[in-house]
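Listed below are the residues making up each chain.
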Amino acid sequence: SLSTGLDLPGRFLFATLTLMTLIAILVFIEEAVYIYRKIPSSKRSIIIWINAAAPVISTTSCIGMWVPRSTMFTDFTAGIFFSIVIHKFLMMMIKECGGQKVLLRHFENARFTISTGPCCCCCLCLPRVPITRQTLFWLKLGTFQFAVLRPVLIFLSIVLWTNGDYVLYNLSPKGPALWISCFIGALTLFALWAVGIMFRKVRILLKCKNIIPKFALYQFIVILNHLQTTIINIFATQKIIPCAPPLSSTARGSYIAQQLLIMEMFLITVISRVVYRRKYHDLEPPECACEEPVDKQQTP
């Protein structure tokens, strides 16, 4: 078994990373209780979903570290969960502006700048799009399609894997892994593009709600969970990460990625607690223009 094959430093590392995962879970549970008690019901579930991203990724990485054969399932579980979180983050920005009607009223004559990352940051010639109910629908569809289609593609990958047709590190054009990965990558870029367009428009308006550090944490999770893991897997596939018997290069790359994610998600969980843990009245000051119509309606 894995525990008997580890030396003393290895056991200490595994125990430390497991403890960090447990602490991250406890911090999230405490934060979820706080959010449930202090945040209005209209925003409660969205904020809990977003805060759960780092602990869930840390937990799946810890399981994959202890049970190497479950790596594919744990990675897919984390990927499915985070695809939903991307859609929730877009919805949170709309909710923080008082909802779709208030947002449309506030930006009645404004326009979206679509020449933003990660798809069109260099296409400065693109026209600016009016902010209407239809454009908001397309932005929400951009993240919703990712939350729906990625689980479908992951389910297809698992079905092919059980039949022996899907090999995760086999990126030959004849195999399905390359095409499924490219399609998921395209869906990811479109979803991140929709979130980037919305954030660029509301970041000044929602500065009073700490939207910039919240977006930074969200971006860190995207980069670490996707880009970092992909780079490490490529290095392992190309044998840049050497093998160390009984572990192959790909197995070592998987271990390195999982251990880094546990430490990084632990830090993000603790920082998220600081960023999101504010009193409800502090989160919505009277000078925040996007909340004025709602505050007037709710004042007894």
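Above this text you will find the structure in question.
These figures come from a predicted structure and were not determined experimentally.

S.K.: Mind showing me how you'd approach empty space enclosed by the protein here?
M.R.: Which parts of space are left empty comes out when a probe the size of a water molecule is rolled across the atoms. Evaluation of the coordinates by the stated rule reveals two cavities of 30 Å³ or more. In this structure, the largest cavity spans a volume of roughly 110 Å³. Residue lining of the largest cavity: 14 residues in total, with Ile50, Leu217, Tyr218, Ile221 and Tyr276 positioned closest to the centre. Contributions of two or more residues to the lining of the largest cavity are made by helix H2 (41-51), helix H3 (53-66), helix H4 (71-96), helix H8 (211-237) and helix H9 (249-276). In terms of residue count, the dominant contributor to the lining of the largest cavity is H8 (four residues). Its residues assigned to classes, the lining of the largest cavity shows eleven nonpolar, two polar and one charged. Secondary-structure elements contributing two or more residues to the lining of the second largest cavity are helix H1 (8-38) and H9. Residues belonging to the lining of the second largest cavity are distributed by class as follows: two nonpolar, three polar and two charged.

S.K.: Explain a nonpolar patch on the surface to me, please; I cannot follow it from the model alone.
M.R.: On the surface, Phe137, Trp138, Leu141, Phe144, Val148, Leu149 and Val152 cluster together into a nonpolar patch covering about 640 Å² of accessible area. Inspection of the secondary structure assignment puts Trp138 in helix H6 (residues 133-162).

S.K.: I keep staring at unusual backbone geometry and nothing clicks. Help me out?
M.R.: Phi at Asn210 takes a positive value of approximately 60°, unusual for a residue other than glycine. Along the chain, Asn210 falls in the loop between helix H7 (176-202) and H8. A relative accessible area of 23% means that Asn210 is categorised as partly exposed.

S.K.: For this particular structure, what's the right way to read the packing of aromatic side chains?
M.R.: One pass over the structure, following the stated rule, counts eleven aromatic pairs. A centroid spacing of 5.4 Å and a plane angle of 45° characterise the contact between Phe215 and Tyr218, whose relative ring orientation is tilted. Taken as a pair, Phe215 and Tyr218 lie in helix H8 at a separation of three residues, close to a single helical turn. Here Phe215 matches Tyr218 in class, with each residue buried. Here the aromatic cluster, defined as three or more aromatic residues joined through ring pairs, consists of Phe82, Phe89, Phe199, Phe215 and Tyr218. Note that Arg44 overlies the ring of Tyr36, its terminal NZ or CZ placed 4.5 Å from the centroid.

Conventions and cut-offs
- Residues numbered from 1 in each chain as written.
- Predicted model: local features only at pLDDT ≥ 70, side-chain atom pairs only at ≥ 80, totals over all residues.
- Heavy atoms only, no water.
- 1 Å grid on protein atoms, 1.4 Å probe; cavity = no way out; pocket = protein on both sides within 12 Å on 5 of 7 lines; lining within 4 Å.
- Points joined across faces, edges and corners; volume = space filled by probe spheres on them.
- Helix = DSSP H or I, 4+ residues; strand = E, 2+ residues; numbered from the N terminus.
- Nonpolar A, V, L, I, M, F, W, Y, C, P; charged D, E, K, R; others polar.
- Patch = residues over 30% accessible without salt bridge, like charges linked within 9 Å, V, L, I, M, F, W, Y side chains within 5 Å.
- Areas by Shrake-Rupley, 256 points an atom, 1.4 Å probe, with all protein chains shown as cover.
- Salt bridge = Lys/Arg side-chain N within 4 Å of Asp/Glu carboxyl O.
- Buried < 20%, exposed > 50% of the residue type's maximum accessible area, 1.4 Å probe, protein only.
- Phe/Tyr/Trp six-rings, centres within 6.5 Å; stacked < 30°, edge-to-face > 60°.
- Lys NZ or Arg CZ within 6 Å of the ring centre and 35° of its normal.

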